[in-house]
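Results of the structural survey
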Amino acid sequence: MRILFASSEAYGLVKTGGLADVSASLPAALRRRRQDVRLVLPGYPEACRNLVDATPRPGPEGAPWQLLEGHLPGTRLPVYLVDWPEYFQRAGNPYSASNGMDWPDNAQRFAGFARAIVALARDEAGLDWAPELVHLNDWQTGLVPLLLDPERTGVERPRTVFTIHNLAYQGLFPASTLQDLNLPAKLWHPEALEFHDQLSFMKAALVFADAITTVSPTYAREIQDPASGMGLDGVLRARSEDLHGILNGVDYRDWDPARDRHIATRYSADDLSGKAANKTALQTRMGLEPNPDVPLLGHVGRMVEQKGVDLLHAACTPLLEAGRIQLALVGSGQKDLEHATGALARAYPGRVGVHIGYDEPLAHQIEAGADLFLMPSRFEPCGLNQLYSLRYGTPPVVHATGGLADTVVDATPENLDAGTATGFSFTPDSIAALGAALERALELHAARGDGRWEQLMRNGMTRDFGWNASADAYLALYREQLPRRSRRAKAASAL
Ligand code: ADP
Ligand code: GLC
């Protein structure tokens, strides 16, 4: 099948979070299934620099953009970057300036990106290639289903699948944006683009895409409920037959302690001996006391409300005070959370190590060097770090929500006996509940002489969260979207 995969990030080119990991590893998994999948991203400076075999190609006649064609680093996956200097050639993050403020013209930038995707989807950019299906990701691509088929006729156009990676980011803009973007005035109503008097890119996709997915089965259920639907639960309920939860996979070529080049010593479920050396290395790097026995708790992530860093601070403070744990954190985001995290490190020198910023090798070193991984997210569509920590023998402590609920099996006595436990989960998302889960974890760790801790580590390390099952699920869903005629033609040509 010819698939155009559109995203605002992809690991290897540009990354701010898990969307990048998925946008690189899912297309790669589809390619291994012999699908003709190609990736399209905005031509941010960093992406242009990282693109392999970069070759310029003209865009459609008269368009203010051209294409940069190449490959995703380390793969043969074809990539098109939309090189639109006015919109994408600027320093800073894909979405915000270095002062943390969103770019004021984000509506124009990502409407521009959407129009470029539509041109590729209609084979108007001289590629001599037209996708049968366009897979869109998050609000930055949200206008594509609408632009491809404004009358919702469904005829002679590629089918669209839209994946919600995070419903908290909706691409909301002032009502006047409708005119600025030259969108038809008749779309200004609550069953289309309007969301409480604002223009919503996310909603446009939820209304107009042929199928919708999100990144775990539990999150797919949660977002149809007013409590977690961020105001879009009604739209999602109306489309519940077209909404599917497909769990993200892990690319174990990047995230496996047996071959990880960022960590001090490699190890595996068969030989755990190297893990201790990673703990020592992490303690040294983060300025922590070199103590092999004290439990070292790790955290990696964007410092935003979602991730529950404030819960983490509050629940860990008494344990730090009592000298019962060490903490290693890397992350960046909201200034207040960054400052609070820095203050914690100053309050407990030698017990808390913090790096404010984005550091890929350090993220791997924390996964490998910590004894426990903390992920008290208030909500979590899927979450990748808990999956990485499972493979690294670093049992995760998670709030039982979204993908965290789908991937971590709580270490209850029954699950420990049955050999299914992989970590610790708690609910609700309160300091007390997190504290209680930490107590359970520390107790099991303290009794590690009895072998149950090592069993817990091994259970997690041997679970398979690779892409095989999920890539098959996407492919099956893509096939269901194709018009019957072309499905029959496919079946005939396969004979
Ligand atoms: P989200 O997409 O909500 O940020 P995920 O758990 O799905 O959460 O993915 C986060 C990804 O970003 C992981 O690959 C994680 O290692 C990485 N990451 C987040 N913050 C940092 C950071 N400060 N330094 C290095 N990697 C980070
Ligand atoms: C989002 C979510 C995260 C998910 C990632 C990739 O950023 O917050 O839970 O794992 O996208 O789908």
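Residues numbered from 1 in each chain as written. Chains lettered and ligands numbered in written order. Predicted model: local features only at pLDDT ≥ 70, side-chain atom pairs only at ≥ 80, totals over all residues. Heavy atoms only, no water.

Focus on the nonpolar core
To keep things clear, this is the line we draw: Here the nonpolar core consists of buried residues drawn from Ala, Val, Leu, Ile, Met, Phe, Trp, Tyr and Cys, with membership extended through side-chain atoms lying within 4.5 Å. Burial classes follow relative accessibility: with a 1.4 Å probe on protein chains only, a residue under 20% of its type's maximum area counts as buried, one over 50% as exposed, and anything between as partly exposed. Numbered from the N terminus, helices here are DSSP runs of H or I no shorter than four residues, and strands are runs of E no shorter than two. Either an automatic procedure or a domain database provided the assignment from which the domain bounds are taken. In what follows, a contact means two residues having at least one pair of non-hydrogen atoms within 4.5 Å.
Judged by nonpolar contacts, the single largest core of 160 residues is most densely connected at Leu143, Ile164, Phe201, Leu327 and Tyr478. Element by element, the count of residues in this core is highest for helix α4 (residues 106–121), at 11 residues. Shared between two domains, this core holds at least three residues of each, these being domain 1 (2–249 + 468–493) and domain 2 (274–464). Excluding anything up to four places from it in sequence, Phe201 contacts Ala107, Phe110, Ala111, Trp139, Gly142, Leu143, Gln170, Gly171, Phe173 and Leu181.

Some words on helix α7 (residues 201–208)
Selection rule: Residues adjacent in sequence count toward polar contacts only when both atoms are side-chain atoms; beyond that, a polar contact is any pair of N or O atoms within 3.5 Å, and within protein one must be able to donate a hydrogen and the other to accept it.
Burial runs high along α7: 8 of the 8 residues are buried. Where α7 begins, one side-chain oxygen reaches toward the backbone nitrogen of Met202, 3.5 Å away; that side chain belongs to Ser200.

Topic: the sheet that holds strand β14 (residues 326–333)
Note the cut-off: Only strands joined by at least two bridges in the DSSP assignment are considered to pair. Lines fitted to C-alpha atoms define the axes, with helix axes restricted to the stretch in contact, and inter-axis angles between N-to-C directions lie between 0 and 180 degrees.
The strand order across the open sheet formed by 6 strands is β15-β14-β13-β16-β17-β18, and the pairing between neighbours is parallel. Each edge of the open sheet is held by one strand with a lone partner, namely β15 (352–356) and β18 (424–426). When strand polarity is set aside, the average angle formed by the axes of neighbouring strands in this sheet is 15°. As paired strands, strand β13 (residues 296–303) and strand β16 (residues 372–375) are joined by 2 bridges and run parallel to one another. Bridging from a neighbouring strand, Gly298 pairs with Phe373 of β16. Against the sheet, helix α17 (residues 431–446) engages β13, β16, β17 (396–399) and β18, with an angle of about 160° to β18.

Focus: unusual backbone geometry
Here the amide bond leading from Thr427 into Pro428 is cis, since omega sits at 0°, within 30 degrees of zero. Residue position: Pro428 is located in the loop between β18 and α17. A positive phi is found at Asp128, a non-glycine position, where the angle reads about 55°. Mapped onto the elements, Asp128 comes out in the loop between α4 and β6 (133–137). Look at Asp128 and you get exposed, because its relative accessible area is 70%.

Quick look at the pairing of β17
Of the two faces of β17, the one holding Pro396 and Val398 and the one holding Val397 and His399 are both buried throughout. Here 3 bridges tie β16 to β17, and the two strands are oriented parallel to one another. Counted as the bridge partner of Leu374 is Val397 from β17. By the bridge criterion, 3 bridges tie β17 to β18 in an arrangement that is parallel. In the strand pairing of β18, His399 is matched with Phe426.

Considering the site of ligand 2
Condition: Here a residue counts as near a molecule or strand whenever at least one of its heavy atoms sits within 4 Å of it. The protein chains shown are the only cover counted for residues, whose accessible areas, like all others here, come from Shrake-Rupley with a 1.4 Å probe. Side-chain classes follow a simple rule in which Ala, Val, Leu, Ile, Met, Phe, Trp, Tyr, Cys and Pro form the nonpolar group, Asp, Glu, Lys and Arg form the charged group, and the remainder, Gly included, forms the polar group.
Surveying the vicinity of ligand 2 reveals 14 residues, the closest of which are His165, Asn248, Glu380, Cys382 and Gly383. Within the side chain of Asn248, a nitrogen or oxygen atom sits 2.8 Å from an oxygen atom of ligand 2. Gly383 is positioned with one of its backbone polar atoms (N or O) 2.8 Å from an oxygen atom of ligand 2. Compared with its free state, where it exposes 310 Å², ligand 2 has 93% of that area covered by protein. In terms of residue count, helix α1 (residues 18–32) provides more of the shell around ligand 2 than any other element does, 3 residues in total. Grouping the constituent residues of the shell around ligand 2 by class yields 6 nonpolar, 6 polar and 2 charged. Residue-level mapping places the shell around ligand 2 at the junction of two domains, with at least three residues from each of domain 1 (2–249 + 468–493) and domain 2 (274–464).

As for the packing of helix α11 (residues 309–321) against α17
Keep this limit in mind: An angle counts as roughly parallel when it lies under 35 degrees, as roughly antiparallel when it exceeds 145, as roughly perpendicular when it falls between 65 and 115, and as oblique in every other case. Handedness of a helix crossing follows the sense of rotation of the near helix relative to the far helix, less than a right angle counterclockwise being left-handed and clockwise being right-handed.
Two elements in contact, α11 and α17, have axes separated by 9 Å at closest approach and are oriented at 50°. In terms of axis orientation, α11 runs oblique to α17. Crossing handedness for the pair α11 and α17: right-handed. Of α17, the residues touching α11 (which contributes Leu311, Leu312, Ala314, Ala315, Cys316 and Leu319) are Ile431, Leu434, Gly435, Leu438, Glu439 and Leu442. When its residues are assigned to classes, the contact of α11 with α17 shows 10 nonpolar, 1 polar and 1 charged.

Description of the domain arrangement of the protein chain
Quick note on the threshold: Buried area is understood as the total, over both parts, of accessible area removed when two parts are fitted together, assessed with a 1.4 Å probe. The salt bridge criterion pairs a side-chain nitrogen of Lys or Arg with a carboxyl oxygen of Asp or Glu, the two atoms within 4 Å.
Looking at the protein chain, the domain boundaries give domain 1 (2–249 + 468–493) and domain 2 (274–464). Using C-alpha coordinates to define each centre, domain 1 is positioned 33 Å away from domain 2. Together domain 1 and domain 2 conceal approximately 1,400 Å² of surface at their shared face, both sides included; 57% is due to carbon and sulfur atoms. At the boundary of domain 1 with domain 2, the tally comes to 1 salt bridge. Residue Glu360 pairs with Lys15 through a salt bridge whose shortest N-O separation is 4.0 Å. Of all the secondary structure elements, the ones that give two or more residues to the side of domain 1 that touches domain 2 are α1 and α8 (217–222).

Considerations on the packing of aromatic side chains
We describe a pair of aromatic rings using the distance from one ring centre to the other and the angle between the two ring planes. The cut-off we apply is this: Pairing of aromatic rings covers Phe, Tyr and Trp, the last counted by its six-membered ring, and requires centre-to-centre distances within 6.5 Å; plane angles under 30 degrees mean stacked, over 60 mean edge-to-face, and any other angle means tilted. By definition, being over a ring means that NZ of Lys or CZ of Arg is both within 6 Å of the ring centre and within 35 degrees of the ring normal.
Across all of its chains, the model carries 14 aromatic pairs by this definition. On the numbers, 4.7 Å between centres and 35° between planes, the contact of Trp84 with Tyr87 is tilted. An identical accessibility class is assigned to Trp84 and Tyr87; each is buried. On the numbers, 6.5 Å between centres and 85° between planes, the contact of Phe88 with Phe113 is edge-to-face. One end of the pair, Phe88, is in helix α3 (residues 85–88); the other, Phe113, is in helix α4, with 25 residues separating them in the sequence. One aromatic cluster is present, formed by Tyr44, Trp84, Tyr87, Phe88, Tyr95, Phe110, Phe113, Trp139, Phe173 and Phe201 through successive ring pairs. One Lys or Arg, Arg90, reaches over the ring of Trp103 and ends 4.8 Å from the middle of that ring. The ring centre of Tyr252 lies 3.8 Å from the NZ or CZ of Arg391, which sits over that ring.

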